[in-house]
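Spelled out, the chains give:
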Amino acid sequence: MPRPTDSPAWVLARRRAIGDQIRAARLHANLTQETLALRIGMARHTLNRIEQGHAAARIDTLILIADAVGVDLAELVR
């Protein structure tokens with residue numbers, strides 16, 4: 001039986017898709033994970049986990065990422 005904190009598969013897939021969008025926007029901005037993480041005040045390994053879809057990003061983090069890479073928040077979560 002799934003634990004109440006386990007996310008459904010479709011949520012995990014969507015989280016990975018958002019991570020892919022973040023990675024694409026970061027690369028388009030010609031930023032490394034290290035540089036982006038420094039800009040938003042986050043550890044590089046945490047940013048990596050978000051890009052890989054292994055960690056969920058808070059809305060505040062998504063706003064910071066979008067601003068740092070120069071895209072609208074909607075582009076990251078589309």
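## Here's the deal with the pattern of salt bridges
When the charged atoms of two side chains with opposite charge come close together, those side chains can pair.
Stage number 1. Applying the stated rule across the entire model yields 4 salt bridges.
Stage number 2. In this structure, the salt-bridge partner of Arg-26 is Glu-51, at a minimum N-O distance of 2.6 Å. Taken together, the residues span a long stretch of sequence, with Arg-26 in helix H1 (residues 9-28) and Glu-51 in helix H3 (residues 44-52) at a distance of 25 residues. Each member of the pair, Arg-26 as well as Glu-51, is classed as buried.
Stage number 3. The closest approach of N and O atoms between Arg-58 and Asp-60, which form a salt bridge, is 3.2 Å.
Stage number 4. On the basis of relative accessibility, which here comes to 57%, the residue Arg-58 falls in the exposed class.
Stage number 5. On the basis of relative accessibility, which here comes to 43%, the residue Asp-60 falls in the partly exposed class.

## Details of the environment of His-28
Stage number 1. Its location among the elements puts His-28 in helix H1.
Stage number 2. Residue classification places His-28 among the exposed residues on the basis of a relative accessible area of 73%.
Stage number 3. As a C-alpha pair, His-28 and Ala-68 span 40 residues in sequence and 12 Å in three-dimensional space.

## A word on the side chain of Gln-33
Stage number 1. With respect to the helices and strands, Gln-33 occurs in helix H2 (residues 33-40).
Stage number 2. At 3.0 Å, the side chain of Gln-33 forms a polar contact with the side chain of Arg-44.
Stage number 3. In this structure Gln-33 touches Arg-26, Arg-44, Leu-47, Asn-48 and Glu-51, once residues within four positions along its chain are discounted.

## So, the packing of H2 against helix H4 (residues 59-69)
To characterise two packed helices, one gives the angle between the axes of the helices and the distance between these axes.
Stage number 1. One way to put it is that H2 packs onto H4 with a least axis distance of 10 Å and a crossing angle of 115°. As for how H2 packs across H4, the hand of that crossing is right-handed. Taking contact as the criterion, the partners of Leu-36, Arg-39 and Ile-40 in H2 are, on H4, Leu-64, Ile-65, Ala-68 and Val-69.
Stage number 2. Of the residues in the contact of H2 with H4, the class split is 6 nonpolar, no polar and 1 charged.

## Section: the environment of Pro-8
Stage number 1. Structurally, Pro-8 can be placed in the segment before H1.
Stage number 2. Between the alpha carbons of Pro-8 and Leu-36 there is a distance of 29 Å; along the sequence they are 28 residues apart.

Reading guide: rules and limits
Residues numbered from 1 in each chain as written. Predicted model: local features only at pLDDT ≥ 70, side-chain atom pairs only at ≥ 80, totals over all residues. Heavy atoms only, no water. Salt bridge = Lys/Arg side-chain N within 4 Å of Asp/Glu carboxyl O. Helix = DSSP H or I, 4+ residues; strand = E, 2+ residues; numbered from the N terminus. Buried < 20%, exposed > 50% of the residue type's maximum accessible area, 1.4 Å probe, protein only. Polar contact = N/O pair within 3.5 Å; in protein donor to acceptor, adjacent residues only side chain to side chain. Contact = heavy atoms within 4.5 Å. Axes fitted to C-alpha atoms, helices over the stretch in contact; angles between N-to-C directions. Left-handed = near helix turned anticlockwise from the far one by under 90°. Nonpolar A, V, L, I, M, F, W, Y, C, P; charged D, E, K, R; others polar.

None of the figures reported here should be taken as evidence of function without further support.
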